[in-house]
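Report on the structure
Here are the chains, one letter per residue:
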Amino acid sequence: MNTNSARLRRLSVAGSLAVGATLLLAGPASAHVSIPGTAEKGGYGTIALKVPNEKDDASTVKLEVTLDPKHPLSSVMPQPVPGWDVKVEKSKLDKPLQTHGKTITEAVTKITWSGGKIEPGQFQQFPLSVGQLPTDADELVFKALQTYSDDEVVRWIDPSKPGGHEAEHPAPTLKLVEKTSPDHHDKNAKSDKNGDAKDDTDEAAASDSGDKDASDTTARVLGIVGIVVGVAGAAFGIVAGRRRNA
C-alpha cells in the first residue's frame, strides 16, 4: 500500500513539473504584439493593436507601427489613449489612390505612441480606424517596434513562416475576409408565396396570437364555470328556503 502511494506521489510530481515546463515554454511565445479579430475586404473598420508587457523588470514606453507599404490606406485615424501621445506620419504615394471620387496623393505610413507606460504583467490596446481596406489581399502587415524603459527594443517584424509555424517575433497581422452576405433575417423577411419561408417576425406574431387565443379561451371557460356555479348556488338557496318555510 505504501509502495503504491509513493508511486502515485512521484507520478503527480512528475506531471506537475511537465505541465509547468510546458507553460513556461508556451507563455513567451503567445505574448506578442497582435491584432485580434478580422476585417472585411473593401470596407472600413476599427482595429486595435494589443501590446502586452513581456518583461518583469521594465515597462513598455513606446510603440512604433509601420503600415503595409504595398497596400496604402486612404484613412487612418488613431483613437486617443489616456496617458499616451500619438504622432502620425504621412508620405507621398508613388501611385495616387482613387476613393469616393477623390484622389489621395499621400497616406499614413507610420504611427508612434509614447509618453505612457505598460507596467509588467499588463497590456494596452491602441485602437485605429482604418479604410478603405484592400480587396486584393488576405492580410495587412503592421510591423511594430516595442521600446522598454531599459532601452531594449523588441522588433515585431518577422513574416509568417510556411506551414503555419509562428516566427520568433511575428509582425502584427490583420486578417482580411470576404464581405458577408446580407443579413439572414432580411432574406427570410421576404414573403414566400409557396409558404416555403416565413419571416421570424410573423412566426413570433403567430405565436403571440396563439398564446392570446389560448388565454381568451381559458378566461371564457372560467367565466362560464363561474356562472354555472353561481346559478347552482342560487337554486340551492331557493330550495333550502322553501324547505325551511314548509
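As a further point, take the pairing of strand β3 (residues 60-66). Bridge count between β3 and strand β6 (residues 102-118): 6 bridges; the pairing is antiparallel. Its bridge partner being in β6, Val-65 is matched across the sheet by Ile-111. Pairing of β3 with strand β9 (residues 143-148) involves 6 bridges; the strand directions are antiparallel. Paired with Lys-62 across the strands is Thr-147, a residue of β9.

Before going further, it helps to examine the confidence of the model for the protein chain. Of all residues in the protein chain, 61% attain a pLDDT of 70 or more, and the chain-wide mean is 76. Here residues 11-29 is modelled with pLDDT under 50, and outside its nearest four sequence neighbours on either side it reaches 2 contacts, counting other chains as well. Scored below 50 in pLDDT, residues 184-206 makes 10 contacts in the model with residues more than four places away or belonging to other chains.

Applying the stated criterion across every chain yields a total of 7 salt bridges. For the salt bridge of Lys-55 with Asp-150, the shortest nitrogen-to-oxygen distance reads 2.3 Å. Of the two residues, Lys-55 sits in the loop between β2 (45-52) and β3 while Asp-150 sits in the loop between β9 and β10 (153-156), which places them 95 residues apart along the sequence. Close ionic contact of Lys-110 with Glu-64 constitutes a salt bridge, the shortest N to O distance being 3.2 Å. Here Lys-110, found in strand β6, pairs with Glu-64, found in strand β3; they are 46 residues apart in sequence, far enough to count as distant. Residue class for Glu-64 comes out buried when judged on its relative accessible area of 15%. By sharing partners, the salt bridges in this structure join Lys-41, Asp-138 and Glu-178 into a single network.

Now for the layout of surface pockets. Considering only enclosed or pocket space, the largest pocket measures out at about 390 Å³ in volume. Forming the walls of the largest pocket are 21 residues, and the residues nearest its centre are Ser-160, Pro-170, Ala-171, Thr-173 and Lys-175. Put simply, the parts of the chain that give the lining of the largest pocket at least two residues each are β8 (139-141) and β11 (173-177). Taken together, the residues that form the lining of the largest pocket break down as 9 nonpolar, 7 polar and 5 charged. Here the second largest pocket is characterised by a volume of approximately 300 Å³. Taken together, 17 residues make up the lining of the second largest pocket; nearest its centre are Pro-69, Pro-72, Leu-93, Lys-95 and Leu-97. Put simply, the parts of the chain that give the lining of the second largest pocket at least two residues each are β5 (85-99) and β6. Here the residues of the lining of the second largest pocket are counted per class, giving 9 nonpolar, 4 polar and 4 charged.

Criteria and cut-off values
Residues numbered from 1 in each chain as written. Predicted model: local features only at pLDDT ≥ 70, side-chain atom pairs only at ≥ 80, totals over all residues. Heavy atoms only, no water. Pairing = 2+ DSSP bridges. Helix = DSSP H or I, 4+ residues; strand = E, 2+ residues; numbered from the N terminus. pLDDT = per-residue confidence, 0-100. Contact = heavy atoms within 4.5 Å. Salt bridge = Lys/Arg side-chain N within 4 Å of Asp/Glu carboxyl O. Buried < 20%, exposed > 50% of the residue type's maximum accessible area, 1.4 Å probe, protein only. 1 Å grid on protein atoms, 1.4 Å probe; cavity = no way out; pocket = protein on both sides within 12 Å on 5 of 7 lines; lining within 4 Å. Points joined across faces, edges and corners; volume = space filled by probe spheres on them. Nonpolar A, V, L, I, M, F, W, Y, C, P; charged D, E, K, R; others polar.

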